[in-house]
Amino acid sequence: MTTRVPGFDDLLDAVRAGFTAPDGRPVPVRAHEVDPRRVLPAEPVGPLVAEPPADLLAELGEPTTGALVVADGDRAVLLWTADPVGGGHRALGAAVAAATAGSAQAVRAVRAEAAVLDALHSVGKRLTAQLDIDTLVQDATDAATTSTGAAFGAFFYNLINDYGESYTLYTLSGVPREVFSRFPMPRNTEVFAPTFRGDGTVRSDDITVDPRFGRNEPYSGMPEGHLPVCSYLAVPVVSPTTGEVLGGFFFGHPEPGRFTARHAYVAEGIAGYSAIALDNARLYDRQANLARELSRALLPDTPAVAGVDVVTRYLPAATGQKIGGDWYDVLRLPSGATAFVIGDVVGHGITAAAVMAQVRAAIRSYALLEMPPSQLLATVSRLVDPSFVTCFYAVHDPDTDTLTYANAGHLPAVLLPPDGPPRPFGEAMAQPLGVGRTFPSASTTFPRGTSLVLFTDGLLESRTRDLTVSMDWLLAALPALRGPADPHTACDELIRTLTGGTHDDDIALILARRTGLPRHHRRAPATAVELVALRDGIAAWAREQGATEALTEDIVLAVYEAMANSVEHGYRDKPGELDVVAENDDDVLTVTVTDWGTWKQPDPSDTTRGRGLPLITMLSGSSKTTRRPDGTTVAMRWPLR
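Residues numbered from 1 in each chain as written. Predicted model: local features only at pLDDT ≥ 70, side-chain atom pairs only at ≥ 80, totals over all residues. Heavy atoms only, no water.

### Observations regarding a nonpolar patch on the surface
Residues Val 346, Phe 388 and Val 435 make up a contiguous nonpolar surface patch of roughly 250 Å² in combined accessible area. As for its position among the elements, Val 346 is in the loop between strand S12 (338–345) and helix H7 (350–368). (Patch = residues over 30% accessible without salt bridge, like charges linked within 9 Å, V, L, I, M, F, W, Y side chains within 5 Å. Areas by Shrake-Rupley, 256 points an atom, 1.4 Å probe, with all protein chains shown as cover. Salt bridge = Lys/Arg side-chain N within 4 Å of Asp/Glu carboxyl O. Helix = DSSP H or I, 4+ residues; strand = E, 2+ residues; numbered from the N terminus.)

Here is the structure:
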């Protein structure tokens, strides 16, 4: 049983009744369902009653005396008869067509309006999702030029540079940029002024007959070589938040009367979306620049460190605009040691930046007091409660070639030796600052030719892999930092390799590379006989560096006194060795004497003893004696100039 469709079946019955014989009597009418696509137009606007196509009648395989097709929406029916008929059915079809003509025209108008709105919505959605100003403006120019049917279109827009000065840029669509490269920027002439002032849309069927045209000294009329413009349309782009005129669209066509009110409406719609998008992009750009500059302003300048090439990097997150809490620091301590600090405040924004600044300042203050790493982190942790801050703090003593470090919940550091695999160290030593209360420390050797790498988790984190895999990738990539390559370039390449140029979090990185081998290095048995050769070697080296005879005598006497102390007091019960290292770092001569003996406590009643260290202090520019569990190191320094 076929379900009756109100409206369509009523129309079908009325058309069927229109088939009558010449004398007005009804005739038998047959019906046949057909594919609506064969009879309806591409965009149907209402019911259709019309003569059927010839091919449709041919498919019936029998003669007809009258036929009409009735279609609406998804259904179409062919009505026909083989009996003699008059013209009633044709008159009925014409009447239906006349009755629906008005509604069909209205539907077409509504559809045309909907198409415009749909196009504007599509353009607006694309523009307001774009934050790159150059791309946004070009997209808007292309869309508006196409939508208005212009031969070419341009968008002139204003930006503010770093000095607060306004300058104008422009984009083109429909013609190469070279076409306008030799013309100056448009000024507030009588034609252009209404657009640049934001007065409203200017539309002209022939701008060359407009009384405002041609009043642009030194030109009279169109400048020579300019594209022909007859039809003209200009629409200002005005910020909806500030009312500022951000720029203007200008469209041209060589033929007259090409721009209608509908074209102006479309251009105004795109201009409105462009204004919103430009507001968003400019606000985003300002905030992103503020975040980057504030983060960088909180980071220190990296000092030069004798005997160590130091490279630092800070990269704000490639996505988003929030200020991060990552930081690094490199501090030259009064003793001649160097502190390397890297840390990360959990979270983003002004709060994270403020906590980072406080923690960095506290660490700098306590570091300059030469607090041991464990004591320093414990003291700072009490200050930042209840924040959650990770930090790795390491102190390099150049006299003993050691790193003493403590780690408050941060990622491990890595040592990269001249050969062999990278070695992570310092992992999971304590909880973060603000949470932990005790921070054990440890030491490791940091010999020449070795690199220290400290980093924050932004270098490793990725949405496509877990932290363990990222750490393996880092260890595999670090050997590329070895060799004579420029360490700055090597660090940049390391970051690109690990992040692919995109990172969701801030990145802080320190690379500290111990430079070369010592200029003079001797190791010999700790005997009085060997001291003569060691002393003569130091004298020859000092003269090679350009030391005066007086300075050479001071160096030799101080170094000989340090070696003699080791022989007499360090190895009084057993034989051993002396290690003498001399180097020249930026015209500062350093000589280090190291033994591995067991020193006895001095006898306070023996007034003939205990003059060695005061003599060394008097003869050297500065000196430092380090008592180790396995021996003693004396480091002495002299400025060469």
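Further notes follow.
### Quick notes on the pairing of strand S11 (residues 326–332)
Counting buried positions along S11 gives six out of seven residues, so the element sits mostly inside the fold. Relative to S12, S11 runs antiparallel, the two sharing seven bridges. Its bridge partner being in S12, Asp 329 is matched across the sheet by Val 341. Between S11 and S12, which pair antiparallel one after the other, the connecting turn spans five residues, and Gly 336 there sits at a positive phi close to 100°. (Buried < 20%, exposed > 50% of the residue type's maximum accessible area, 1.4 Å probe, protein only. Pairing = 2+ DSSP bridges.)

### Notes on the sheet that holds strand S3 (residues 66–72)
Here we have four strands laid out as an open sheet, ordered S1-S4-S3-S2, and antiparallel in their pairing. Lying at the two open borders of the sheet, with one neighbouring strand each, are strand S1 (30–34) and strand S2 (48–50). For this sheet the average axis-to-axis angle between neighbouring strands, irrespective of direction, equals 20°. Note: S2 against S3, three bridges, orientation antiparallel. Opposite Leu 48, over in S3, you have Ala 71 as the bridge partner. (Axes fitted to C-alpha atoms, helices over the stretch in contact; angles between N-to-C directions.)

### Quick notes on unusual backbone geometry
Positive phi is not limited to glycine here, since Asp 401 has a value of about 55°. Relative to the helices and strands, Asp 401 is located in the loop between strand S13 (389–397) and strand S14 (402–408). Judged by its relative accessible area of 22%, Asp 401 falls in the partly exposed class. Despite not being glycine, Ala 428 shows a phi value in the positive range, around 55°.

### Points about the sheet that holds S14
Taken together, the five strands give an open sheet; going across it, the order is S11-S12-S13-S14-S17, and neighbouring strands pair in antiparallel fashion. Each edge of the sheet is formed by a strand with only one pairing partner; in this case those strands are S11 and strand S17 (441–445). The sheet shows a mean angle of 15° between the axes of neighbouring strands, taken without regard to direction. Taken together, the seven bridges between S13 and S14 define a ladder with antiparallel strand orientation. The residue bridging Val 395 from the neighbouring strand is Thr 404, located in S14. Contacts from helix H8 (residues 373–384) reach S13, S14 and S17 within the one sheet, and its direction differs from that of S14 by about 25°. (Contact = heavy atoms within 4.5 Å.)

### Here we look at the pattern of salt bridges
Tallied over the full model, the rule gives 21 salt bridges. For the salt bridge of Arg 90 with Glu 51, the shortest nitrogen-to-oxygen distance reads 3.4 Å. Placement of the pair is Arg 90 in helix H3 (residues 88–128) and Glu 51 in the loop between S2 and helix H2 (54–58), with a sequence separation of 39 residues. For Glu 51, a relative accessible area of 48% puts it in the partly exposed group. Overlapping salt bridges, with partners in common, bring together Asp 9, Glu 33 and Arg 75 in one network.

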